[in-house]
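# Chains, contacts and geometry: an overview
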Amino acid sequence: MSVANMEKHLFQLKFAAKDLERQSKKCEKLEKEEKVKIKKAIQKGNMAGAQIHAENSIRNKSQALNYLRMAARVDAVASRVQTAVTQRK
């Protein structure tokens, strides 16, 4: 693999890591929104609706953690590629 090609892949890896972090933040925001909906549903006495919103909130929380975990893995690979690029130069 040429150095230019490796640098192109390095850029794509860094971009993917940032994108995953953005997705994580988006899921965390959705989780907070669902928590507000849970409170409103409970205040109205709508327990079935509150349960649905709670399930959505939990799903968004776990999805945010999964995105962060994947971003960390991609970032680790990017750092290995960065090391390989600097050694080849």
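Read on for a plain summary of the structure. (Residues numbered from 1 in each chain as written. Predicted model: local features only at pLDDT ≥ 70, side-chain atom pairs only at ≥ 80, totals over all residues. Heavy atoms only, no water.)

### Structural notes on the overall build of the protein
Each helix and strand counted, the protein has two helices and zero strands in total. The C-alpha radius of gyration computed for the protein amounts to 20 Å, which surpasses the reference 12 Å derived for 89 residues by more than 25%, pointing to a less compact arrangement than a globule. Across its three principal axes, the protein shows a C-alpha extent of roughly 65 × 15 × 15 Å. Buried positions account for 24% of the 89 residues belonging to the protein. Residue pairs in contact within the protein that sit at least 24 positions apart in sequence constitute 76% of those at least 6 positions apart. Accessible area of the protein: about 6600 Å², with a carbon and sulfur share of 57%. (Helix = DSSP H or I, 4+ residues; strand = E, 2+ residues; numbered from the N terminus. Rg over C-alpha atoms; globule rule 2.2 N^0.38 Å. Buried < 20%, exposed > 50% of the residue type's maximum accessible area, 1.4 Å probe, protein only. Contact = heavy atoms within 4.5 Å. Areas by Shrake-Rupley, 256 points an atom, 1.4 Å probe, with all protein chains shown as cover.)

### Observations concerning the environment of Ser79
Structurally, the position occupied by Ser79 is in helix H2 (residues 47-88). Residues Ser79 and Leu13, spaced 66 residues apart in sequence, show a C-alpha to C-alpha distance of 9.3 Å.

### Side note on the nonpolar core
It is characteristic of soluble globular proteins that their nonpolar side chains tend to be buried jointly. Met6, Leu10, Ala78, Val81 and Val85 form the largest nonpolar core, which has five residues in total. Listed by contribution, the elements that provide at least two residues to this core are helix H1 (3-44) and H2. With residues near it in sequence (within four places) discarded, Met6 still touches Met1, Val81, Ala84, Val85 and Arg88. (Core = buried A, V, L, I, M, F, W, Y, C linked by side-chain atoms within 4.5 Å.)

### Details of the pattern of salt bridges
Where side chains of opposite charge bring their charged atoms close, a pairing between them can arise. Tallying each qualifying case throughout the model produces three salt bridges. Among the salt bridges present, the one from Lys35 reaches Glu31, with a minimum N-O distance of 3.4 Å. With a gap of four residues between them, Lys35 and Glu31 both fall in helix H1, about one helical turn apart. For Lys35, a relative accessible area of 43% corresponds to the partly exposed category. (Salt bridge = Lys/Arg side-chain N within 4 Å of Asp/Glu carboxyl O.)

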